[in-house]
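Letter by letter, the chains look like this.
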Amino acid sequence: TAITMFGYDRSDMLGKSISMIIGGPHAKWHDKYFEKASGMSQDEFENLLSRMRDVLGKRSDGSEFPVQIGLKSLYVGDKCHFVAFCHDLTEVKKEMLVASSLLESSFDSTFLT
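Because the structure is predicted, anything quoted here is derived from the model rather than measured.

Some words on the packing of aromatic side chains
Part 1 of the reasoning: For the structure on display, the rule yields one aromatic pair.
Part 2 of the reasoning: Here Phe 6 and Phe 65 contribute two aromatic rings whose centre-to-centre distance is 5.5 Å and whose plane-to-plane angle is 50°, an arrangement assigned as tilted. Of this pair, Phe 6 sits in helix α1 (residues 2-6) while Phe 65 sits in strand β2 (residues 64-76), placing them 59 residues apart in sequence.
Part 3 of the reasoning: Judged by relative accessible area, Phe 65 falls into the buried class, the value being 3%.

And the structure:
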């Protein structure tokens, strides 16, 4: 779960900005993205939210790890809330490095011998 993934209690996360779990260079700009989006039409805003992004997530202890994150708006009455969908990419990134290394060594042995 996201609670386990980021190391926060449920009560620590509910009602808070998603910027608390965004690390790396995106962290300081994340709330500004939402300010900029306030001038968009609802369709433009939904299109922006629907894109999954690979960013660094930030755990409660400050450590960072690769995640894929997407947002969806949820209207309760006329108040807009956001739900974040997060996927830990740590293992995927490790597997990509291994595959890349194998491909590179295979290429080197094929063409450099």
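Here the narrative resumes.
So, the sheet that holds strand β3 (residues 79-88)
Part 1 of the reasoning: The sheet built from three strands is open, its strands ordered β1-β2-β3 with antiparallel pairing. The open sheet has two free edges, formed respectively by β1 (53-58) and β3, since each of these has just one partner strand. Taking each pair of neighbouring strands and ignoring which way they run, the sheet shows an average axis angle of 50°.
Part 2 of the reasoning: In the sheet, β1 pairs with β2 via six bridges, with the strands oriented antiparallel.

A look at the nonpolar core
As a rule of thumb, soluble globular proteins bury nonpolar side chains together.
Part 1 of the reasoning: Core analysis: the biggest nonpolar cluster contains 14 residues, and Phe 6, Ile 21, Val 67 and Ile 69 have the highest contact counts within it.
Part 2 of the reasoning: Counting only elements with at least two residues in this core, the list comes to α1, α4 (42-50) and β2.
Part 3 of the reasoning: Looking at this core element by element, the count peaks at four residues for β2.
Part 4 of the reasoning: If near-sequence neighbours (up to four positions away) are discounted, Val 67 is found in contact with Met 5, Phe 6, Arg 53, Asp 54, Val 55, Leu 56, Gly 57, His 87, Asp 88 and Leu 89.

Quick word on the environment of Gly 62
Part 1 of the reasoning: Residue placement: Gly 62 occurs in the loop between β1 and β2.
Part 2 of the reasoning: The exposure class of Gly 62 is partly exposed, given its relative accessible area of 43%.
Part 3 of the reasoning: Sequence spacing of Gly 62 and Ile 21 is 41 residues, and the spatial spacing of their C-alpha atoms is 9.2 Å.

Parameters and conventions
- Residues numbered from 1 in each chain as written.
- Predicted model: local features only at pLDDT ≥ 70, side-chain atom pairs only at ≥ 80, totals over all residues.
- Heavy atoms only, no water.
- Phe/Tyr/Trp six-rings, centres within 6.5 Å; stacked < 30°, edge-to-face > 60°.
- Helix = DSSP H or I, 4+ residues; strand = E, 2+ residues; numbered from the N terminus.
- Buried < 20%, exposed > 50% of the residue type's maximum accessible area, 1.4 Å probe, protein only.
- Pairing = 2+ DSSP bridges.
- Axes fitted to C-alpha atoms, helices over the stretch in contact; angles between N-to-C directions.
- Core = buried A, V, L, I, M, F, W, Y, C linked by side-chain atoms within 4.5 Å.
- Contact = heavy atoms within 4.5 Å.

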